[in-house]
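Here is how the chains run, residue by residue.
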Amino acid sequence: MPDDKYSLTRELTDYIHGVRFDAIPANVIARAKEAVIDGIGVTLSGYSADCTSLIRKYIGGLGLDGKCTVMGQGNGLPAEYAALANGVGSHALDFDDTQISLLPDRVYGLLTHPTTPVLSAAIPVAEEVGASGRDLLAAFCCGVEVACKVAEAIRPYHYQNGFHSTGTIGIFGAAAAAVKLYGMDKEGIRHALGIAASKSAGIRVAFGTMTKPYHAGAAAQGGIVAAQLARMGYKTDPEALDGPWGFFQVAGGGVDPEAIHGKLGNPYTFVDPGVSIKPYPCGSLSHPSMDALLDLILEHDVQSQDVAGVRLGTTSNVLAALRYPEPQNELEAKFSIPFCLGILVLERHGGIEQFTDETVLRPDVREMMSRVTPYLHEGLEALGFQRIRSLVEVTLRDGTVLPQEASSSRGTPERPMTREELAAKFQDCSQWLLPDAAQEKVLESIYALDGLDSVSQLTSLLKG
């Protein structure tokens, strides 16, 4: 255990200040490039979502101009507002990656969405300062590592009591990426983290509404603002994460310092325990069940008209988060077990085109949802929440029951997406804004990101 004088704020500061591209392991850089591909893809996919359009309308009314890219549009903005727009877009469809927990009392898959707030902050700041691809990758790896380790260390109370960690903790990752790209000293970094602690926000009551994506955009924006203020000399308590009034105690009821002490970059969360890339644009807690159901449907060639019902036995954390039994729009559908399973029975696919208001309200979809029954499975509940566990049972009209247990999905470290699957997801996300040739060029540029002299060589391809 660290001694009584140990400071989490100081350890995070020392780590951020010391990060260098050449010291980051090659497998971490490779994994980071995949996260950048996925992050840019889901940002493009959310461009036309109502919440993103309204954010762009709000920003447009401010009469701002800058050189930082809003993905999908031509005109530039100051870094913090580009981060806000991109961050909302990236989380709009709930298609962005998720952190996996190490500790058994944390909730697997629910710690944070690490890439969205960090990448949404890192790219515009990289454009602002004229950074190279290597600079961007180093800052991105640093920011994701900070966000993930903070999310791991804060007590489970934080999420379980209703905080949305993508907003509340994503801001620290965004700030870490920004201070790296600004080249700030240790004093500036400590104050940036402290300012971020005071700007941390996001509550889970917003799930299923436009405000959930706003949490991610606000975290990206807030991280940049915190870094910019500290860079100008703005001060706060230099131990703002520690002590009885510090972030960990106030927002989480405490902290497990061993989750951070000596663990930053050792190993990187990107590779151990890993970060999951989502196969479906909805809440990650539904994904193992969705994959299990789809496997059953394809293996047994199940036709929708032959299905009498689908039962899903799962744990209380899954049932609590996926809380809409009769969703009325696509935002609620992302957190609805009846929709997520019912649409697979009907269409054998659960992509962007399925998660629309029109689809949710279709009579055949409403009828199929009525055949899906979620329930608390006491046996799985007793095993704990370190995995997303479920039992899917499809009952056919002839009385046949097809069961399938689930605890992982495609995109997890146990079942990582292939390069081809990742490219297919990127294509699905970006097809409305980028022609095929541009999609290929973006993928090539990201895989070669560490060889780019300027991040603008990538962002120039993303204007739509």
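Computed from a predicted structure; not experimentally measured. (Residues numbered from 1 in each chain as written. Predicted model: local features only at pLDDT ≥ 70, side-chain atom pairs only at ≥ 80, totals over all residues. Heavy atoms only, no water.)

A. Structural view of the overall build of the protein chain. A tally of regular secondary structure across the protein chain gives 23 helices and eight strands. For the C-alpha atoms alone, the extent of the protein chain along its principal axes is close to 70 × 50 × 40 Å. For the protein chain, with 464 residues in total, the buried portion stands at 61%. Long-range pairs, those at least 24 residues apart, make up 78% of the contacts in the protein chain with a sequence separation of at least 6. For the protein chain, the exposed area adds up to about 17,300 Å²; of that, 52% sits on carbon and sulfur atoms. Each charge sign in the protein chain was given a centre, from 38 positive and 55 negative side chains, and these centres are 4 Å apart. (Helix = DSSP H or I, 4+ residues; strand = E, 2+ residues; numbered from the N terminus. Buried < 20%, exposed > 50% of the residue type's maximum accessible area, 1.4 Å probe, protein only. Contact = heavy atoms within 4.5 Å. Areas by Shrake-Rupley, 256 points an atom, 1.4 Å probe, with all protein chains shown as cover. Lys, Arg positive; Asp, Glu negative; His and termini not counted. Charge placed at Lys NZ, Arg CZ, Asp CG, Glu CD.)

B. How the structure looks around the packing of helix H6 (residues 133-153) against helix H9 (residues 170-182). Two elements in contact, H6 and H9, have axes separated by 7 Å at closest approach and are oriented at 150°. The orientation of H6 relative to H9 falls into the category roughly antiparallel. As H6 runs across H9, the sense of the crossing is right-handed. Along the contact surface, H6 presents Asp-135, Leu-136, Ala-139, Cys-142, Gly-143, Val-146, Ala-147 and Val-150, while H9 presents Phe-172, Gly-173, Ala-176, Ala-177, Lys-180 and Leu-181. Taken together, the residues of the contact of H6 with H9 sort by class into 10 nonpolar, two polar and two charged. (Axes fitted to C-alpha atoms, helices over the stretch in contact; angles between N-to-C directions. Parallel < 35°, antiparallel > 145°, perpendicular 65-115°, else oblique. Left-handed = near helix turned anticlockwise from the far one by under 90°. Nonpolar A, V, L, I, M, F, W, Y, C, P; charged D, E, K, R; others polar.)

C. Region of interest: the sheet that holds strand E5 (residues 307-314). Taken in spatial order, the four strands make up an open sheet running E6-E5-E7-E8, and their pairing is mixed. Bordering the open sheet on either side are strand E6 (372-376) and strand E8 (401-406), each of which pairs with just one other strand. Direction aside, the axes of adjacent strands within the sheet are offset by 15° on average. Taken together, the seven bridges between E5 and strand E7 (residues 390-396) define a ladder with antiparallel strand orientation. Bridge pairing in E7 links Thr-314 to Ser-390. (Pairing = 2+ DSSP bridges.)

D. Seen up close, the packing of helix H14 (residues 287-300) against helix H17 (residues 337-347). Running from amino to carboxyl end, H14 crosses H17 at an angle of 20°, the nearest separation of the two axes being 10 Å. The angle between H14 and H17 places the two elements in the roughly parallel class. Considering the relative orientation of H14 and H17, their crossing is right-handed. Two secondary-structure elements touch here, H14 through Ser-289, Met-290, Leu-293, Leu-294 and Ile-297 and H17 through Cys-340, Leu-341, Leu-344 and Val-345. Counted by class, the contact of H14 with H17 contains eight nonpolar, one polar and no charged residues.

E. Region of the structure containing the side chain of Glu-80. Note on placement: Glu-80 falls in helix H4 (residues 79-92). Buried within the structure, Glu-80 lacks any salt-bridge partner; Lys-199 is the closest side chain of opposite charge, at an N-O distance of 7.5 Å. Reaching out from Glu-80, the side chain makes a polar contact with the side chain of Gln-221 at a distance of 3.3 Å. Residues in contact with Glu-80, not counting those within four places in the same chain, are Gln-221, Ile-224, Val-225 and Gln-228. (Salt bridge = Lys/Arg side-chain N within 4 Å of Asp/Glu carboxyl O. Polar contact = N/O pair within 3.5 Å; in protein donor to acceptor, adjacent residues only side chain to side chain.)

F. Inspection of the nonpolar core at higher detail. If you look at the biggest cluster of nonpolar residues, it comprises 105 residues, and the most contacted ones within it are Ile-16, Ile-40, Phe-140, Phe-172, Phe-247 and Phe-248. Residue contributions to this core peak at 14 residues, all from H6. If we ignore the near neighbours within four places in the chain, the residues touching Ile-40 are Met-71, Leu-119, Ile-123, Phe-426, Ile-446, Leu-458 and Leu-462. Listed in part, the 40 residues of the second largest apolar core include Phe-207, Leu-293, Val-360 and Val-394. (Core = buried A, V, L, I, M, F, W, Y, C linked by side-chain atoms within 4.5 Å.)

G. Region of the structure containing the pattern of salt bridges. According to the stated counting rule, one finds 21 salt bridges in the structure shown. With a closest N to O distance of 3.0 Å, Asp-256 and Arg-155 form a salt bridge. A residue pair is termed long-range when its members are at least 10 positions apart, and Asp-256 in the loop between helix H12 (247-252) and helix H13 (270-274) and Arg-155 in the loop between H6 and helix H7 (157-160) qualify at 101 residues. With its nearest N and O atoms 3.2 Å apart, the salt bridge here joins Asp-291 to Arg-410. With Asp-291 in helix H14 and Arg-410 in the loop between E8 and helix H21 (419-430), this residue pair connects regions lying 119 residues apart in the sequence. Several salt bridges converge on common partners, so that one network encompasses Arg-10, Arg-190 and Glu-239.

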